[in-house]
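Okay, here's what each chain looks like letter by letter:
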Amino acid sequence: MQGAGNDYIYLDRMDPTLPPLPIDPSELARRMSPRHTSVGADGLVLILPSDKADARMRMFNADGSEGAMCGNAIRCVGKYLHDEGYFQGLKLTVETKGGIRHLDLHPGIDGEIDSATVDMGQATLSPTDIPLSCDLPLIDAPVSALGATYHITALSVGNPHAVIFTDDPQALDLPPIGSALEHHPLFPQRVNIEFVRITDPRTLETRVWERGSGETLACGTGACASVVAAVLLGHCPADTPITVRMKGGSLTVVCTSDLRLSMTGDAVRVYDGIYDV
């Protein structure tokens, strides 16, 4: 399934009587994610039962590292749970490592879910929560990498992000820059990077570098982080729908004055298959 071009392989593990996976999901993500020699994806998501919410998701990046939250993946999880008949209502809760998230599902004309709105929780700039290796928040702070200086706003929306405003994200040689910033000493658990251009006060253009996956077509939490940084720096108004355009599609994000977030975007089922381990 994919949301805004951010594609993951999903394993249905809702049946508690299923035998254990034959290999660790981290290793499975590494095996399945390569695009030319395997299934091809930004990573792997397990859909699991939960004793705290309607379901639980675990997501693994293409390199096998486990992430706390993925805004695009969670919409697809909601779609799958509804369309497969696990839950009939249009409101769901999903447990993630970043906390429980509430979803409002939106059906298309065929009755299947084609988009969803996710309560993404509250963003934080706390160095401990991100985490950062410094004691003070980073808001439009100069950070050096590869001989250049980037003005970074660092925050967590369930996972760590560093947002950089630039005139032309598409002109960047992203692989070396993204990798250098992802592994910068400021970020002991690495970080996702967003390079953002302000099109107008209600539209952002964002290019995404995801830790553990490299450049991706979209990132839901990255879109949220971009809007938070834009609101903090006065580029966009709070409490207003902001369109975030990425290579794979667009998401709509609302950030309140106290940095609470909701995000709306598509959820698309692409195909089902069998993978031999």
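Scroll up to find the structure.
Residues numbered from 1 in each chain as written. Predicted model: local features only at pLDDT ≥ 70, side-chain atom pairs only at ≥ 80, totals over all residues. Heavy atoms only, no water.

K.L.:
Where do I start with helix α2 (residues 71-83) in this structure?
P.N.:
Owing to its 3.6 residues per turn, the α-helix aligns residues three or four sequence positions apart on the same side. A rise of 1.5 Å per residue sets the reference length of α2, with its 13 residues, at 18 Å; its end C-alpha atoms lie 19 Å apart and thus fit the reference within 8%. Burial within α2 is extensive, with 12 of its 13 residues counted as buried. Those residues of α2 that sit buried are Gly71, Asn72, Ala73, Ile74, Arg75, Cys76, Val77, Gly78, Lys79, Tyr80, Leu81 and His82. Gly85 sits one or two residues past α2 and shows a positive phi near 85 degrees. (Helix = DSSP H or I, 4+ residues; strand = E, 2+ residues; numbered from the N terminus. Expected span 1.5 Å × (residues − 1). Buried < 20%, exposed > 50% of the residue type's maximum accessible area, 1.4 Å probe, protein only.)

K.L.:
I tried to follow the nonpolar core on my own but got confused; where do I start?
P.N.:
Within soluble globular proteins, side chains that are nonpolar generally end up buried alongside one another. The biggest cluster of nonpolar side chains holds 55 residues, and the ones touching the most others in it are Tyr10, Met57 and Leu261. Of all the elements, helix α4 (residues 220-232) adds the most residues to this core, at 8 residues. Non-local contacts of Tyr10, meaning those with residues more than four positions away in its chain, are made with Met1, Val45, Ile47, Asn72, Ala73, Cys76 and Val77. Judged by nonpolar contacts, the second largest core, of 20 residues, contains Ile130, Ala141, Tyr150 and Ala154. (Core = buried A, V, L, I, M, F, W, Y, C linked by side-chain atoms within 4.5 Å. Contact = heavy atoms within 4.5 Å.)

K.L.:
So what exactly am I meant to see when it comes to the pairing of strand β14 (residues 203-210) here?
P.N.:
Walk down a regular strand and you will see the side chains alternate between the two sheet faces. Extensive coverage of β14 is indicated by the burial of 8 of its 8 residues. Neither face of β14 is left uncovered, since the one carrying Thr203, Glu205, Arg207 and Trp209 and the one carrying Leu204, Thr206, Val208 and Glu210 both have all their residues buried. For strand β13 (residues 192-200) and β14, the ladder comprises 7 bridges, and the chain directions are antiparallel. If you follow Arg197 over to β14, its bridge partner there is Glu205. (Pairing = 2+ DSSP bridges.)

K.L.:
Can you help me understand empty space enclosed by the protein in this one?
P.N.:
One simple way to see leftover space: roll a probe sized like a water molecule over the atoms. Under the criterion given, the structure shown has 1 cavity of 30 Å³ or more. A volume near 70 Å³ is recorded for the largest cavity. In this structure, the largest cavity is lined by Tyr8, Met59, Asn61, Gly67, Met69, Cys70, Asn159, Asn192, Glu210, Arg211, Cys219 and Thr221. Split into classes, the residues belonging to the lining of the largest cavity amount to 5 nonpolar, 5 polar and 2 charged. (1 Å grid on protein atoms, 1.4 Å probe; cavity = no way out; pocket = protein on both sides within 12 Å on 5 of 7 lines; lining within 4 Å. Points joined across faces, edges and corners; volume = space filled by probe spheres on them. Nonpolar A, V, L, I, M, F, W, Y, C, P; charged D, E, K, R; others polar.)

K.L.:
Looking at this structure, I do not really get the pattern of salt bridges. What am I missing?
P.N.:
Pairing is possible between side chains of opposite charge, provided their charged atoms come close. One pass over the structure, following the stated rule, counts 17 salt bridges. Its salt-bridge partner being Asp7, residue Arg35 comes within 2.8 Å of it at the nearest N-O pair. With a gap of 28 residues between them, Arg35 in the loop between α1 (25-32) and β4 (43-48) and Asp7 in strand β2 (residues 6-7) connect regions that are remote in the sequence. With a closest N to O distance of 2.9 Å, Glu27 and Arg30 form a salt bridge. In this pair, Glu27 and Arg30 are both assigned in helix α1, 3 residues apart and thus about one turn of the helix distant. (Salt bridge = Lys/Arg side-chain N within 4 Å of Asp/Glu carboxyl O.)

K.L.:
Any chance you could explain the layout of surface pockets here in plain terms?
P.N.:
Size it by volume and the largest pocket reaches roughly 660 Å³. Looking at the largest pocket, it is lined by 24 residues, and the ones nearest its centre are Ile9, Tyr10, Leu11, Met32 and Gly273. Contributions of two or more residues to the lining of the largest pocket are made by β3 (9-12) and α1. Residues of the lining of the largest pocket, tallied by class, amount to 17 nonpolar, 2 polar and 5 charged.

K.L.:
How do you make sense of the environment of Leu172 when you look at a structure like this?
P.N.:
Following the sequence through the fold, Leu172 ends up in the loop between β12 (160-165) and α3 (174-182). Ignoring any residue separated from it by four or fewer positions in sequence, one finds Leu172 in contact with Ile177, Phe195 and Arg207.

K.L.:
Looking at this structure, how should I read the packing of aromatic side chains?
P.N.:
The way to describe two aromatic rings as a pair is by their centre distance and the angle between their planes. Under the counting rule described, the total for this entry stands at 1 aromatic pair. Summarising the aromatic geometry, the rings of Tyr80 and Tyr86 are spaced 6.4 Å apart at their centres and angled 35 degrees between planes, so their arrangement reads as tilted. Residue Tyr80 is classed as buried on the basis of its relative accessible area of 13%. (Phe/Tyr/Trp six-rings, centres within 6.5 Å; stacked < 30°, edge-to-face > 60°.)

K.L.:
Can you walk me through the side chain of Ser26 in this structure?
P.N.:
Relative to the elements of secondary structure, Ser26 occurs in helix α1. On the basis of relative accessibility, which here comes to 12%, the residue Ser26 falls in the buried class. Not counting residues up to four positions away in its chain, the partners in contact with Ser26 are Phe60, Gly64 and Ser65.

K.L.:
I keep staring at the environment of Ala29 and nothing clicks. Help me out?
P.N.:
Locating Ala29 in the fold gives a position in helix α1. Owing to a relative accessible area of 0%, Ala29 belongs among the buried residues under this scheme. Sequence separation between Ala29 and Gly43 is 14 residues; the distance between their C-alpha atoms is 5.8 Å. Those residues in contact with Ala29 that lie beyond four places of it in its chain are Leu44, Phe60, Asn61, Ala62 and Gly64.

K.L.:
Which parts of the structure should I look at to understand α4?
P.N.:
Helix length check: α4 (13 residues) gives 19 Å between terminal C-alpha atoms against 18 Å at 1.5 Å per residue, within 8%. Within α4, 12 of the 13 residues are buried, which leaves it mostly tucked inside the rest of the structure. For α4, the complete set of buried residues consists of Gly220, Thr221, Gly222, Ala223, Cys224, Ala225, Ser226, Val227, Val228, Ala229, Ala230 and Val231. Gly234 sits one or two residues past α4 and shows a positive phi near 80 degrees.

That's the geometry; what it means functionally is another story.
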